[in-house]
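A look at the structure
What follows is each chain in one-letter form.
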Amino acid sequence: MAHFAAKPVLAVEGLNKSFFGVQVLFDVGFTLCPGEVLGLVGENGSGKSTTMNILGGVHPRDSGRITLDGAPYEPRGPRDAVESGVAFIHQELNLFENLSIQENIFIADFPRVGRLLPFIRRKEIAERTRAVLEMVDLDVPPTMPVARLSQGERQLVEIAKALAAGAKVIIFDEPTTSLTRRETERLFDIIARLKAQGIAMIYISHILGDVKQLCDRIVVLRDGAVVGGGRADELGIERIIALMVGREIDQLFPPRAPCVTTEPLLEVRGLSQPDVVRNISFTLHRGEILGISGLMGSGRSELARILFGLDPHAEGEIRVGGEPYAATDPIDAMRRGIAFLTEDRRAEGLMLEASIADNIALPSLRDFAGQFAGWLRRPQLTAQVVQAADQVRINTRDHARMLAKNLSGGNQQKVVLAKWLLRAPRVFILDEPTRGIDVGAKYEVYKIMNQMVADGAGVLFISSEMEELIGMCDRILVMSRGEITAVHERAEFSSERIMESALRVGMDAVR
Amino acid sequence: MTRSTLHPAGARARKAGADGVRAQLLLLELSPLILFAIVVVLFGLAADRFLTLATLNNVVIQAAHIAIIAIGMTFVLLTAGIDLSVGAIMYVVVAIVTLYLGDLPLAVSFPIGLLVGLLIGCINGFFIVVVRVAPFITTLATLFIGRGVALFMTDTAMVFANDDVLTLGQTDWLGLRSSIWVFGVVFVVAFVVLRSTPFGRQVYAVGQDPAAAAKAGLKVPLILFGVYAISGVCAALGGLVSLTQVAAASSTFGFQKEFPVIAAAVLGGTSLFGGRGTVVGTAFGALLIQTVETGLVMSNTDPYAYPLVIAGIIFLAVLVDAQRTRIAARLNRRKIRIDDPQDRG
């Protein structure tokens, strides 16, 4: 473990912040040295985002001292923060697809030909862009439109943008959520390089393994206060989780009595679609949680979309509850008792501008249409919605008025769950249901899944997190390159073996 | 040519699979040009006077005012806005210049006319940016108010330009008509502004994602205000150019001009959703529409068929745009089976 200069580049002391009279930060303090990577972890709502938004100039602080390179740091806005040397790389990238890389990097502050002539110095921005692209090891021309870059490459452009602005401190907020495994490794390499160049970084993530591997020190926030931390190599993941949730969790997964039956709910035989999936066959039984593992881009989500009738398939036979099912129409899928929680809850799972109640009611509106011209039977609907919301324990008072966009990630996911639970599905397809939500909310999602199978449903559980698949599933299918490459029974679960089958076929195919 | 160190093999595989789709996309991008060629050949066959330099000259002269206004509209459309008041601005400006400034030299009256256009554009900008009324509603209101004010001023009677205006409209410089010069200057200035100035590139950024633009530190309200001001000036200029050509303005002057103007921009590949479009495309769209109209006149087509033909062309442009979006989406879709094997490691 490297030793860092005693003089920190960033020092935060006694940070307090209230929103509308509710205090959300209590005396938060930490330091960051040049060339150090600091991991910031905590459940959603623990104050990570607020702290970073204050550093990034998005929110002003109520009180507290922040010094940057020894001088008081008072950003008046995001732009001011960037110019002072603090760059914030948000989870949703802020790039303009219709512009080139170099234009994206200089969009707010183009160097001009002269004071009177407002023309952009193209040569200069190309040169400077090339230099920062080299620092992040991205070998593309500066004039390439961002639209033609992959997610991972775009992330590197964001980092290049921070470097071009002369960043001394770079804040990463959940940078790996939309990256493939290889892109993630690439990002980590770049972070190591920047570290060697003396750039300080704050790394926020729910993936604790990454945080532990990548960071020098870790600070844990809970309920707006720093509750602990220390050197990453001395802090075990169990201990971090315990600090995050405020209690020792000896079990990350709720206990469950196996309730698998032999009665098939969903039978898939020889399902193929050119360029997407090939020869997929499996059976989901009543009372079973069937996991689908595989690396990102292995065709898991695409399979789910085909099963729900969103995407076409060329060949194959599907049966639901013994009846043939064409899988061409989501309305037909819903009528047959299939529900689908998508991997992108903000874009596909929710109406962000609508209330919790309206979101939950949406797929069931048809069932509450009255005799007279299909008018909604509001009282019955409201009663059911409230019941569904209570079932998943959405922690908010006013379901009718609270908008989905104002909820935390965990509560948003519970809204999506509630809307499908209201339809009492027989087959529930869950695609990354715990992505980007905190430990406590994850536990509750697991409990809901257990309840569903106990009630006789079947759950198809797609996840990138090996641990939760092993902790929750009765069987795990492994997908690779659009095919099922292995099936593991609960008795023989081991993350190494599953990872092996996810990787091996891909490597064989090279030859 | 995509070069990517992240997935060299993947990029190659993607490229191989995507080449056919890219060709389709290119064909669609070029479709206005192809359409133009077909139109020219058809009318060349139908009317033997059509394929002459004189016709080309006429087309450009007659398209000039629409093209100028459409170039201003392009700025607005790039920010995903819309300006419905351009026709009304034409009429107001022309009414003021002919009724109240007829005795002043053109070097004074025309700039005042442009200032009037700028003022109305700024009023649009104010309500859209500060009061936050949707652009459609704001400019719909200024459309009605503008026409109402102009009708009130003119008493719905025909207004006439003085002889200087008429002379200007017939003047040639270096063999080209004055309106062509004005069109040319507007074209070049707009082209350079959109392509090579910070403001121009920021217009594209705001149109693509206003929230991200604000986060990046762009002065989004100022940029939005600017594009409506530009559109106002261009509409005034278009009205004045049109006045030099027809020398008089009836109560229907500029009436419903917003439609051919928006059509020209869309025909030239400008997206109504913002972020995509060029001055070259827009000028081209305006010329295409005028070519069709001129061709219809010269081939003695029934005048009642004109709107149908123009509508057909606009429909085609929109259809092409929808196809282009669909194909672009397909191009970006991840292909699992032929993806980079290294990605699995």
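Higher on the page you've got the structure.
These numbers come from a predicted model, not from an experiment.

Quick look at the overall build of chain B
The number of helices and strands found in chain B is 14 helices and four strands. The proportion of buried residues among the 345 residues of chain B is 51%. Counting contacts in chain B only where the partners sit at least 6 residues apart, residues at least 24 apart contribute 78% of the total. Total accessible area on chain B stands at roughly 15800 Å², and carbon and sulfur atoms take up 70% of it.

So, the side chain of A:Glu432
Residues and elements named next belong to chain A. Note that Glu432 resides in the loop between strand S17 (427-431) and helix H15 (439-454). Engagement of the side chain of Glu432 in a polar contact is seen with the side chain of Arg300, the distance being 3.4 Å. Those residues in contact with Glu432 that sit more than four places away from it in its chain are Arg300, Glu343, Gln413, Ile462, Ser463 and Ser464.

Some details on the sheet that holds strand S12 (residues 277-285) of chain A
All names here are of chain A. The four strands lie next to each other as S12-S11-S14-S15, forming an open sheet whose pairing is antiparallel. In this open sheet, the two edge strands, each paired with only one partner strand, are S12 and strand S15 (323-324). Examined bridge by bridge, strand S11 (residues 264-273) and strand S14 (residues 315-320) share five bridges and lie antiparallel to one another. Paired with Arg269 across the bridge in S14 is Glu317. Contacts from helix H9 (residues 300-307) reach S11, S12 and S14 within the one sheet, and its direction differs from that of S11 by about 115°.

As for the pairing of strand S3 (residues 37-41) of chain A
When you tally the buried positions in S3(A), you get five out of five residues, the bulk of the element. With burial as the criterion, each face of S3(A) is covered, one bearing A:Val37, A:Gly39 and A:Val41 and the other bearing A:Leu38 and A:Leu40.

Some details on the nonpolar core
In a soluble, globular protein the nonpolar side chains are often hidden away together inside. Grouped together as the largest cluster of nonpolar side chains are 142 residues, with contacts concentrated most on A:Ile101, A:Ile159, A:Ile170, A:Phe172, A:Ile191, A:Tyr203 and A:Ile218. Among the elements that make up this core, the one with the highest residue count is helix H3 (residues 53-78) of chain B (14 residues). Excluding residues within four positions of it along the chain, A:Ile170 makes contact with A:Ala87, A:Ile89, A:Ile159, A:Ala162, A:Leu163, A:Leu194, A:Ile199, A:Ala200, A:Met201 and A:Ile202. Listed in part, the 73 residues of the second largest apolar core include A:Ile292, A:Phe340, A:Val392 and A:Ile437.

Re the environment of B:Asp164
Examined against the element boundaries, B:Asp164 turns out to sit in helix H7 (residues 163-170). Each C-alpha atom, one on B:Asp164 and one on B:Val41, is 39 Å from the other, the two residues being 123 residues apart in sequence.

Points about H15(A)
Residues and elements named next belong to chain A. Between the first and last C-alpha of H15 there are 23 Å, a value that for 16 residues agrees with the 22 Å anticipated at 1.5 Å per step. A large share of H15 lies buried, amounting to 12 of its 16 residues. Among the residues of H15, Val439, Gly440, Ala441, Lys442, Glu444, Val445, Tyr446, Ile448, Met449, Asn450, Met452 and Val453 are the ones counted as buried. Those residues of H15 that are buried lie in contact with helix H8 (237-245), strand S13 (289-293), helix H14 (409-421), S17, strand S18 (458-462) and helix H16 (466-472).

So, the packing of aromatic side chains
Applying the stated criterion across every chain yields a total of 10 aromatic pairs over all chains. On the numbers, 6.2 Å between centres and 75° between planes, the contact of A:Phe188 with A:Tyr203 is edge-to-face. Note that A:Phe188 is positioned in helix H6 (residues 181-196) and A:Tyr203 in strand S8 (residues 200-204), a separation of 15 residues in sequence. Of the two residues, A:Phe188 and A:Tyr203, neither departs from the other in class, the shared state being buried. Note on A:Phe253 and A:Tyr446: the rings are 5.1 Å apart at their centroids and 45° apart in plane angle, and the pair reads as tilted. Linking A:Phe253 in the loop between H8 and S11 with A:Tyr446 in helix H15, this pair joins segments that are 193 residues apart in sequence. Side by side, A:Phe253 and A:Tyr446 carry an identical accessibility label, which is buried. The residue whose ring lies beneath B:Arg201 is B:Tyr204, and the NZ or CZ to ring-centre distance is 4.7 Å.

Topic: the sheet that holds S17(A)
All names here are of chain A. Strand order in the open sheet made by the six strands is S16-S17-S18-S13-S19-S20, with mixed pairing throughout. Whereas interior strands pair on both sides, the edge strands pair on one side only; in this sheet they are strand S16 (338-341) and strand S20 (483-489). Pairs of neighbouring strands in the sheet enclose a mean axial angle of 20°, with direction left out of account. Bridge count for S13 against strand S19 (residues 475-480) is four bridges, and the pairing is parallel. The residue of S19 that forms the bridge with Ser293 is Val478. Against the sheet, H14 engages S16 and S17, with an angle of about 170° to S16.

Quick notes on a nonpolar patch on the surface
Residues and elements named next belong to chain B. Side chains of Leu26, Leu27, Leu30, Leu33, Ile34, Ile38, Val41, Leu42 and Leu45 sit close together on the surface and give an oily, nonpolar patch of about 890 Å² of accessible area. Residue assignment for the nonpolar patch shows that the elements contributing at least two residues are helix H1 (8-29) and helix H2 (31-46). Looking at the nonpolar patch, the element that brings in the most residues is H2, giving six residues. Tracing the backbone through its elements, the reader meets Leu42 in helix H2.

Quick notes on the packing of helix H5 (residues 151-164) of chain A against H6(A)
Residue and element names in this part refer to chain A. With their axes 9 Å apart at the nearest point, H5 and H6 run at an angle of 15° to one another. In terms of orientation, H5 and H6 fall into the roughly parallel class. The two elements H5 and H6 meet at a crossing, and its hand is right-handed. Of the residues in H6, those in contact with Gln151, Gly152, Gln155, Leu156, Ile159 and Leu163 of H5 are Glu183, Leu187, Ile190 and Leu194. Partitioning the contact of H5 with H6 into residue classes produces six nonpolar, three polar and one charged.

Quick notes on unusual backbone geometry
All names here are of chain A. We note that Ala424 has phi near 45°; this positive angle belongs to a residue other than glycine. One can find Ala424 in the loop between H14 and S17. Judged by its relative accessible area of 59%, Ala424 is exposed. Of note in the backbone geometry, Arg481 takes a positive phi value of approximately 50° without being a glycine. The residue Arg481 is located in the loop between S19 and S20 in this model. Exposure remark for Arg481: the relative accessible area of 12% places this residue in the buried category.

What about helix H13 (residues 378-391) of chain A?
Residue and element names in this part refer to chain A. Compared with the 20 Å implied by 1.5 Å per residue over 14 residues, the 20 Å span of H13 between its first and last C-alpha is a close match. Within H13, the full set of buried residues consists of Leu381, Val385, Ala388 and Ala389. Along the axis of H13, the buried residues cluster in a sector spanning 100°; they form a single face. Structural note: H13 exposes Pro379 and Gln387 on the side pointing more than 90 degrees away from its buried face. Check the buried side of H13 and you find it contacts helix H12 (356-361) and H14. Arg393 occupies a position one or two residues after H13 and carries a positive phi of about 55°.

Conventions adopted
Residues numbered from 1 in each chain as written. Chains lettered and ligands numbered in written order. Predicted model: local features only at pLDDT ≥ 70, side-chain atom pairs only at ≥ 80, totals over all residues. Heavy atoms only, no water. Helix = DSSP H or I, 4+ residues; strand = E, 2+ residues; numbered from the N terminus. Buried < 20%, exposed > 50% of the residue type's maximum accessible area, 1.4 Å probe, protein only. Contact = heavy atoms within 4.5 Å. Areas by Shrake-Rupley, 256 points an atom, 1.4 Å probe, with all protein chains shown as cover. Polar contact = N/O pair within 3.5 Å; in protein donor to acceptor, adjacent residues only side chain to side chain. Pairing = 2+ DSSP bridges. Axes fitted to C-alpha atoms, helices over the stretch in contact; angles between N-to-C directions. Core = buried A, V, L, I, M, F, W, Y, C linked by side-chain atoms within 4.5 Å. Expected span 1.5 Å × (residues − 1). Phe/Tyr/Trp six-rings, centres within 6.5 Å; stacked < 30°, edge-to-face > 60°. Lys NZ or Arg CZ within 6 Å of the ring centre and 35° of its normal. Patch = residues over 30% accessible without salt bridge, like charges linked within 9 Å, V, L, I, M, F, W, Y side chains within 5 Å. Salt bridge = Lys/Arg side-chain N within 4 Å of Asp/Glu carboxyl O. Parallel < 35°, antiparallel > 145°, perpendicular 65-115°, else oblique. Left-handed = near helix turned anticlockwise from the far one by under 90°. Nonpolar A, V, L, I, M, F, W, Y, C, P; charged D, E, K, R; others polar. Arc of directions from axis to C-beta.

Note that all results are geometric; they support no functional claim without further evidence.
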